[in-house]
Amino acid sequence: MKTVTVDQITIGEGLPKIIVPMVGQTKEELVSEAKAIHALDCDLVEWRIDFFEHVQDSQSVAELSHNLKAILEKPLLITFRTKKEGGVCELSDCEYFNLYKAIIVEGSLDLLDVELFMAEDKVAEVIDLAHKNNIKIIMCNHDFDKTPEKNEIITRLRTMQNKGADICKIAVMPKSSADVLTLLEATHEMYEYYADVPLITMSMGALGMVSRISGQVFGSAATFGSAGTASAPGQVPVAELRKMLTTLKLN
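The structure presented is a predicted model; accordingly, all values stated were derived computationally and were not measured.

Draft legend 1. Just the overall build of the chain, in detail. Helix and strand counts for the chain come out as 9 helices and 11 strands. Once the C-alpha set of the chain is aligned to its principal axes, its extents read approximately 45 × 40 × 30 Å. Expressed as a percentage of its 251 residues, the buried residues of the chain come to 56%. Within the chain, residue pairs in contact and separated by at least 24 positions form 72% of the contacts whose partners lie at least 6 positions apart. Within the chain, the 36 negative side-chain charges are centred at a point lying 3 Å from the centre of the 25 positive side-chain charges.

Draft legend 2. Focus on the UniProt feature "active site" (unreviewed entry) in the chain. According to UniProt, the feature "active site" (unreviewed entry) maps to His 142 and Lys 169 in the numbering used here. On the basis of their most widely separated C-alpha atoms, the annotated residues across 28 residues gather in one place, lying no more than 8.6 Å apart. Within the secondary structure layout, His 142 lies in strand β7 (residues 136-143). In this structure His 142 comes out as buried when scored by relative accessible area, which is 11%. If near-sequence neighbours (up to four positions away) are discounted, His 142 is found in contact with Arg 81, Glu 85, Lys 169 and Ala 171. Mapped onto the fold, Lys 169 is located in strand β8 (residues 167-172). For Lys 169, a relative accessible area of 5% puts it in the buried group.

Draft legend 3. Inspection of helix α1 (residues 27-38) at higher detail. Its 12 residues place the ends of α1 16 Å apart at the C-alpha level, agreeing with the 16 Å of an ideal helix rising 1.5 Å per residue. Within the span of α1, buried status applies to Leu 30, Val 31, Ala 34 and Ile 37. In an axial view of α1, the angular spread of the buried residues amounts to 130°, which keeps them on one side of the axis. The exposed set on the far side of α1, more than 90 degrees from its buried face, consists of Glu 28 and Lys 35. Of the surrounding elements, those touching the buried residues of α1 are β3 (17-22), β4 (44-48) and α2 (58-72).

Draft legend 4. The sheet that holds β3, seen in detail. Strands sit in the order β9-β8-β7-β6-β5-β4-β3-β10-β11 across an open sheet of 9 strands; the sheet is parallel. This sheet does not close on itself; its edge strands, each paired only once, are β9 (199-203) and β11 (236-237). Summarising the sheet, β3 and β4 pair through 4 bridges and their orientation is parallel. In the sheet register, Met 22 faces β4, and the bridge partner there is Trp 47. In the packing of helix α4 (residues 120-132) onto the sheet, the strands contacted are β6 (111-115) and β7, and the crossing angle to β7 comes to about 145°. Helix-sheet contacts for helix α5 (residues 150-162) involve β7, β8 and β9, and the interaxial angle to β8 is about 150°.

Draft legend 5. The UniProt feature "binding site: 3-dehydroquinate" (unreviewed entry) in the chain, seen in detail. Mapped onto this structure's residue numbering, the UniProt feature "binding site: 3-dehydroquinate" (unreviewed entry) falls at Glu 46, Trp 47, Arg 48, Arg 81, Arg 212, Ser 231 and Gln 235. Assignment of secondary structure puts Arg 48 in strand β4. Position of Gln 235 among the secondary structure elements: in the loop between β10 (222-226) and β11. Residue class for Gln 235 comes out buried when judged on its relative accessible area of 10%.

Draft legend 6. Highlighting the nonpolar core. Residues Met 22, Trp 47, Ile 49, Leu 68, Phe 80 and Leu 112 are the most contacted members of the largest nonpolar core, which totals 61 residues. The biggest single contributor to this core is helix α3 (residues 93-106), with 6 residues. Counting 18 residues, the second-largest nonpolar core is a separate cluster that includes Val 4, Ile 167, Met 202 and Ala 222.

Calculation notes
- Residues numbered from 1 in each chain as written.
- Predicted model: local features only at pLDDT ≥ 70, side-chain atom pairs only at ≥ 80, totals over all residues.
- Heavy atoms only, no water.
- Helix = DSSP H or I, 4+ residues; strand = E, 2+ residues; numbered from the N terminus.
- Buried < 20%, exposed > 50% of the residue type's maximum accessible area, 1.4 Å probe, protein only.
- Contact = heavy atoms within 4.5 Å.
- Lys, Arg positive; Asp, Glu negative; His and termini not counted.
- Charge placed at Lys NZ, Arg CZ, Asp CG, Glu CD.
- UniProt positions renumbered as here; feature names shortened; annotations may be inferred.
- Expected span 1.5 Å × (residues − 1).
- Arc of directions from axis to C-beta.
- Pairing = 2+ DSSP bridges.
- Axes fitted to C-alpha atoms, helices over the stretch in contact; angles between N-to-C directions.
- Core = buried A, V, L, I, M, F, W, Y, C linked by side-chain atoms within 4.5 Å.

Here you go:
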């Protein structure tokens, strides 16, 4: 299993790393969020730019990323979550990729989130450009309606890996405890038999919360904790999450 190191944080070894999302709509809100998160015991920060009021102005996004990175002093993941995967802003595919290319070239970031089910040739272009600029790719897929079958989850994760993702991420919605077990079984099987890169997997909502704290057992290398407003259902506040991860630490 390869690890991924960004800004002295190594994902894929030791305890799962804690990622905290920023979801401010204005520059002022984001700066305030960044100052608060700077003091938190988290490992990485995700800026959900689909919440940002000026997200369609790539120059504004790129410039603000420099400010936020300087305040945070932590590795920064930038994510535009499309509406079909739970985001709050609609962009065309062309706008999505143009925005990402501008951020890669002009912004300040360590990781970039790219969704699995986007145009394959455009995804390949963005991954290549990111890698040339020393930016790692988290490729992801979200299913807010259901939990796919175990083999389908594994297939999606392997597809991400084959497309050149540095980290593969999937989040699914459980309807039963059996669905949570399906996600955990898929994670374990992927980790043991197929993974060449770190995985981030989670079952969402209260039902799936156990999956957010048991990553070291099953093979998920990071988890998302909230500093205030959660960006997805089931996120645990950072301080509580750190205690849980430490309590469940494997020798």
